[in-house]
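Here is what each chain is made of, one letter per residue.
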Amino acid sequence: MVHDDGAHSTNQEGRPRGGDPGARGAARRWRRWRAAAMAVAALALLAGWIQTPLTRPDAAAEQVSRLARAAPTPLPAWTTAAGPRGTVWYRVRERGYRLQIQVGSDRLELLAPRGTPLRTLALAALVGRPDLPEGTVFTATTTGAQLTLTASAPGGTPLEVAIVRAWPRFFTVRFLARVGPTPRLPARFFAPEDPGRPAPRVVGIFAPSGRSSASPQTASILLGIHRPAISAPFAPPPFDLELPSRGRWVGLGLVQVPDATEMALQPDGSLTVNYPLGLLTRLHDLGAGGRVAPPSSAGGAAAGPWLRFPAFVVTTAPGPLVGLAAYHAALVRLGAAPVAAPPGTRPGWWTWPMADTWGQQRATGAAWGSPRFTAAWVRRFAGAWRRQLGLRHFTVVIDSRWQAAFDSPRPSRRFGGVAGMRRLIAQLHAEGLRVLLWWPLWSRGPGTVRPRLRVDPTSPGFPAAIARAMRLLVGTGPGSLGADGVKLDWGYHVPQQPGAYARPQLGVGAAALLRYMTLLSRSVWAADPGALVDASAVAPQFGGTEDAIRLYDAGSNQTWNRRALIVSQVDPGILIDGDGWRLPPAQAAVHIVTSSVYGIPTLYFSTRWAGGSPLRLSLARSLGAVMRLAQLRGQGRAVALSGGGFGYVVHHRLTARTLAGGRALEVIHYGTCPGGWRADVVSLAPGWLRLPVPRGSGRLSVVGPGGAAAAWRWARRGLRLRVRGGARYLVVQAGGVGGVGGRC
């Protein structure tokens, strides 16, 4: 952890949830609890990566439980061994992988546990130079789990140092390099000895960018940066690329958030990260990349600036999604994956359905600063939402253009200024609702094509300014609006020009975004510890800056599901906002059910879908029944189920799942009686619904609406239940009622 004023730190301090914001005792209790809980959670989350795509949550949960009870695994150590023809090798043999490198070489060989070659990594960093000089000498030393490789020019001048550290199930590589004569060249890592000879082409690279294309596979990943015609749904995405190799997947990711905006795999097998080398030579490294003193192994011949860069973490896994879980687990072990609000610490209203105004604004001509978008418009929208879905409690998101200006926290005169917006929010609170306010990160003027920087998180006045703004939005004082949280947007509009920052030593590129979100979220929680921060930062290093990850607008349910799968693996346990803007009518209902299971369902319309198709009252009421039932699933993590669909796991038990291809929801409750359970079921469509209840589950009773007995029968693959659309059914296994609310 870098001890700075928040620029590059990845371990944000937690805050108490609920209660009096000024209660110091609550804050102390929260910190004590968090310290103990995170120690246990780290071990539990570390187990996630060995779960082949989470198709059996029950078995996967048992693996997590076993590893959580096990003692910490000791670090593997490098050994020296003789090879054929008199060669000498340094080797590490670990449970999940093997490493070996020949003395005098820079070729680090990664092998599967049984010795199958997976990938060769050249421990070379080309920083300000096209290649290493011919005759470069590589000298290695080992100490325990660490191997240090120094590359020196033929005359003995050190050029770079690579530090390889072995960990259980993963290893890290960190580079320090002397800047060469051409700092305008992109920094290349793991560069092969012969730059003119391309490495074998890797097909099917998985980059978890979350884009809406038909396939997420690409050789590069934008670190949350906007480019023409590209809207980055993850801002930023995980800093990780997954490469297929001989039936396994090798993950190459970053540990710290970099002073950069893009990482790409080159045809020769090297990785480039677009660090601004000319700037970094003038900045002291605070963790995201910068100048450092020459390493001790460089001796006295280390003239010229030396740079240190964020470490790479290398993982192996049976598939790309499991590889993302392995990446997260490695970051947990390294202390680089903070969590702002772990499951079990969140206010219950955080999972209420969200009614976002933006879609209805667009449908009714109340967007883009229209005079129609007023406090009265919002009240009518909330009333229509309540009548349509039959819900008493939900969260209203007052979306874009409620502000007097894009970069202002003060409401427009259309809302009556501060006093008028405060009255609106108080009225919604009195009706049993919660309120989030939209906030545009980086801010830009209306009608602009390219992002225009209007805030600078590195400027001296920014911390105080953002604190004042968030205090106005979510504070409870007489001059505040009293909202319950913020919806952050446009995180991908990160300025790419290093000259745009007043104090670049506090972070540029993705590191500047981390600083912005850190200062903003801390300001929100200082004003209201129970406030919800809803953002789109999927990189685990940002986990201490947000409470929920929004999947962003997409064109299909398939895209949303793919994004949810990525988030569930790389950010296990965090809330997932299913979004829902631009819901295609044919897929809308399924998306609402699915997102009710894996996260927070969000509906941007009250009477119509995107495109103008009417939202029938009968369907709206059925969706409301699904959303209401989903509130009973508890606080845990989303998982993918075998055969498709999503489930939800709490304390190693499945508590909710989608049925019938996402057209029905089941919530499961477990009692204290042996084998006792009950399941509540809601289906959108009438007919026969199959529940995956195995034969031999004991005596069952099935109750329909009004307590009447329901029609059901055993089938080959479970129980078949006859249902009405939108009605709630209760299935009780013998002992289940006693275990839940009575005696066994």
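The rules behind each value
- Residues numbered from 1 in each chain as written.
- Predicted model: local features only at pLDDT ≥ 70, side-chain atom pairs only at ≥ 80, totals over all residues.
- Heavy atoms only, no water.
- Phe/Tyr/Trp six-rings, centres within 6.5 Å; stacked < 30°, edge-to-face > 60°.
- Buried < 20%, exposed > 50% of the residue type's maximum accessible area, 1.4 Å probe, protein only.
- Lys NZ or Arg CZ within 6 Å of the ring centre and 35° of its normal.
- Pairing = 2+ DSSP bridges.
- Helix = DSSP H or I, 4+ residues; strand = E, 2+ residues; numbered from the N terminus.
- Axes fitted to C-alpha atoms, helices over the stretch in contact; angles between N-to-C directions.
- Contact = heavy atoms within 4.5 Å.
- Salt bridge = Lys/Arg side-chain N within 4 Å of Asp/Glu carboxyl O.
- Expected span 1.5 Å × (residues − 1).

Colleague: What should I look at first to understand the packing of aromatic side chains in this one?
Modeller: Pairs of aromatic rings are described using the distance from one ring centre to the other and the angle between the two planes. Throughout the structure, instances matching the rule amount to 25 aromatic pairs. When the ring of W712 is compared with that of W714, the centres are 5.7 Å apart and the planes differ by 80°; the resulting orientation is edge-to-face. For W712, a relative accessible area of 28% gives the class partly exposed. Put simply, the rings of F175, F189, F190, Y275, F309 and F312 pair up and form one aromatic cluster. One cation-aromatic arrangement involves R633 over Y648; the distance from NZ or CZ to the ring centre is 4.3 Å. Over the face of the ring belonging to W688 we find R713, whose NZ or CZ atom lies 4.3 Å from the ring centre.

Colleague: How should the sheet that holds strand β28 (residues 637-640) be read in this particular structure?
Modeller: Adjacent strands of a sheet form backbone hydrogen bonds with each other and so pair up, either parallel or antiparallel. The sheet built from seven strands is open, its strands ordered β28-β29-β30-β31-β32-β37-β34 with antiparallel pairing. Every other strand in the sheet has two partners, leaving β28 and β34 (700-703) as the edge strands with one partner each. Averaged over all adjacent pairs, the angle separating strand axes in this sheet is 20°, with direction ignored. The sheet contact formed by strand β30 (residues 653-659) and strand β31 (residues 664-670) spans four bridges and is antiparallel. Across the sheet, A656 pairs through a bridge with V667, a residue of β31. Docked against the sheet, helix α11 (residues 585-598) engages β28, β29 (646-650), β30 and β31, running at close to 20° with respect to β29.

Colleague: Help me understand the pairing of strand β19 (residues 312-317), please; the structure alone is not making it clear to me.
Modeller: In regular strands, side chains alternate between the two faces of the sheet. In terms of residue burial, β19 counts as a mostly covered element, since six of its six residues are buried. Neither face of β19 is open: one carries F312, V314 and T316, the other V313, T315 and A317, and all of them are buried. Strand direction decides the pairing type here: strand β10 (residues 170-178) and β19, joined by four bridges, are antiparallel. Bridge assignment links T172 to a residue of β19, and that residue is V313. Here six bridges tie strand β14 (residues 248-254) to β19, and the two strands are oriented antiparallel to one another. Its bridge partner being in β19, W249 is matched across the sheet by A317.

Colleague: How should the pattern of salt bridges be read in this particular structure?
Modeller: Pairing between side chains becomes possible if they bear opposite charge and their charged atoms approach one another. Counted according to the given criterion, the structure contains 13 salt bridges. Ionic pairing is found between D285 and R308, a salt bridge with its closest N-O pair at 2.7 Å. Residue D285 is located in the loop between α3 (277-280) and β17 (290-292), and its partner R308 is located in strand β18 (residues 306-308); the two are separated by 23 residues in the primary sequence. A residue is classified by how much of its surface remains accessible, and R308, at 29% relative accessible area, is partly exposed. We note a salt bridge from R550 to D579, for which the minimum N-O separation is 3.1 Å.

Colleague: How should I be thinking about the sheet that holds strand β21 (residues 395-398) in this particular structure?
Modeller: Strand order in the open sheet formed by eight strands is β26-β25-β24-β23-β22-β21-β20-β27, with parallel pairing between adjacent strands. If you trace the sheet from one side to the other, it starts and ends with β26 (575-577) and β27 (602-603), each paired once. Where helix α9 (residues 510-527) meets the sheet, its contacts fall on β22 (434-440), β23 (485-489) and β24 (532-535), and the angle it forms with β23 comes to roughly 165°.

Colleague: Looking at this model, I keep getting lost on the environment of R716. Mind explaining?
Modeller: Along the chain, the position of R716 falls in the loop between β35 (712-715) and β36 (718-723). You can call R716 exposed: its relative accessible area is 81%.

Colleague: Honestly, the environment of Q360 in this entry has me stumped. Any pointers?
Modeller: With respect to the element layout, Q360 can be found in helix α5 (residues 358-364). For the pair formed by Q360 and F605, sequence separation is 245 residues and the distance between their alpha carbons is 5.0 Å. Contacts of Q360, omitting those with residues within four sequence positions, involve W377, F381, Y604, F605, S606 and T607.

Colleague: Explanation requested: helix α8 (residues 462-474) in the structure shown.
Modeller: Think of an α-helix as turning once every 3.6 residues; residues three or four places apart then point the same way. Compared with the 18 Å implied by 1.5 Å per residue over 13 residues, the 18 Å span of α8 between its first and last C-alpha is a close match. Here α8 has its buried residues at F462, I466, A467, A469, M470, L472, L473 and V474. Against α7 (417-430), β22, β23 and α9 lie the buried residues of α8.

Colleague: It is not clear to me how the pairing of β30 should be interpreted in this structure. Could you clarify?
Modeller: With respect to burial, β30 is a largely interior element, six of its seven residues being buried. In the sheet, β29 pairs with β30 via four bridges, with the strands oriented antiparallel. Each residue of the ladder has a partner; that of G647, found in β30, is R657. Two successive antiparallel strands, β29 and β30, enclose a turn made up of two residues, where H651 displays a positive phi of approximately 50°. Connecting β30 to the antiparallel partner β31 that follows it, the hairpin turn spans four residues, and A660 within it adopts a positive phi of roughly 55°.

Structural measurements only, silent on function.
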